[in-house]
Amino acid sequence: MTEINDLISKIVNNVQEEQANSSSNTTASSQSTTATAGKTMTAADYPFFQKHPDLVNAPTGKNVKEVTLEAAINGQVKPEDLRISPATLKAQGQIAASAGRPSIQSNFDRAAELTKIPDERVLEMYSSLRPYRSSEQELLDMADELENKYGAKICANFVREAATEYKKRKKLKGDN
């Protein structure tokens, strides 16, 4: 268990260093894609839900104010309406970056990317990322899928980095 914890810690540290180096690029791209009516969120916009409930929407476009128990009972709320939108996650990330937390912004950006991927596939990918579960090529194929099929470039780079670290530390399928 200690060996796995060390590996995870190393991967997290490497990713955080890389993200810190590219945080200015990430911030710029996040600002341009956030559906917050052109406003860049800052720490003054925290807590986002309380200050901007009009901007908290499901990917279906349904606003959080429309998600009520009565609406659910009447069949007006679907499971998809209970999901968070990428725009809301990006706005939360902007707030974190404004508060001097670029790593948290990166986490929100990755989460925003993951909203594009079906839940079942996310779980398969999660399982495949466990040590000894995938070959290097399988991980690289997953990274290509993330980037090319879902436009999840940050997650794709994370998986490529995991493939490199797993290879170095002999954590790939067949190494055990």
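Refer to the structure above for everything that follows.
Below, the structure is looked at part by part. (Residues numbered from 1 in each chain as written. Predicted model: local features only at pLDDT ≥ 70, side-chain atom pairs only at ≥ 80, totals over all residues. Heavy atoms only, no water.)

## Describing the side chain of Glu165
Line of reasoning, step 1. Along the chain, Glu165 falls in helix H9 (residues 153-168).
Line of reasoning, step 2. There is a polar contact of 3.3 Å between the side chain of Glu165 and the side chain of Lys168. (Helix = DSSP H or I, 4+ residues; strand = E, 2+ residues; numbered from the N terminus. Polar contact = N/O pair within 3.5 Å; in protein donor to acceptor, adjacent residues only side chain to side chain.)

## Quick notes on the environment of Asp109
Line of reasoning, step 1. Inspection of the secondary structure puts Asp109 in helix H6 (residues 102-114).
Line of reasoning, step 2. When the C-alpha positions of Asp109 and Ala87 are compared, they lie 9.6 Å apart, and in sequence the two are 22 residues distant.

## Re H6
Line of reasoning, step 1. In this model H6 runs 18 Å from its N-terminal to its C-terminal C-alpha over 13 residues, within 8% of the 18 Å that 1.5 Å per residue would give.
Line of reasoning, step 2. Buried within H6 we find Gln105, Ser106, Asp109, Arg110, Ala112 and Glu113. Buried residues of H6 fall within an arc of 155° about the axis and therefore sit on the same side. (Expected span 1.5 Å × (residues − 1). Buried < 20%, exposed > 50% of the residue type's maximum accessible area, 1.4 Å probe, protein only. Arc of directions from axis to C-beta.)

## Describing the packing of helix H7 (residues 119-128) against helix H8 (residues 136-150)
Line of reasoning, step 1. Between H7 and H8, the least distance of the axes is 11 Å, while the angle of their chain directions is 150°. Regarding the angle of H7 to H8, the classification is roughly antiparallel. Classified by chirality, the crossing of H8 by H7 is left-handed. Counted together, Arg121, Met125 and Ser128 of H7 and Leu139, Met142, Glu145, Leu146 and Tyr150 of H8 form the full contact between these two elements.
Line of reasoning, step 2. Counted by class, the contact of H7 with H8 contains five nonpolar, one polar and two charged residues. (Axes fitted to C-alpha atoms, helices over the stretch in contact; angles between N-to-C directions. Parallel < 35°, antiparallel > 145°, perpendicular 65-115°, else oblique. Left-handed = near helix turned anticlockwise from the far one by under 90°. Contact = heavy atoms within 4.5 Å. Nonpolar A, V, L, I, M, F, W, Y, C, P; charged D, E, K, R; others polar.)

## Here we look at the packing of aromatic side chains
Line of reasoning, step 1. Tallying each qualifying case throughout the model produces zero aromatic pairs.
Line of reasoning, step 2. Taking the ring centre of Phe158 as reference, the NZ or CZ of Arg110 above it sits at 5.6 Å. (Phe/Tyr/Trp six-rings, centres within 6.5 Å; stacked < 30°, edge-to-face > 60°. Lys NZ or Arg CZ within 6 Å of the ring centre and 35° of its normal.)

## Points about helix H5 (residues 86-98)
Line of reasoning, step 1. With 13 residues, H5 extends 18 Å between its outermost C-alpha atoms, agreeing within 8% with the 18 Å of an ideal straight helix rising 1.5 Å per residue.
Line of reasoning, step 2. What H5 keeps buried is the set Thr88, Leu89, Lys90, Ala91, Gly93, Gln94, Ile95 and Ala96.
Line of reasoning, step 3. Positive phi shows up at Gly100, right after H5, with a value of about 80°.

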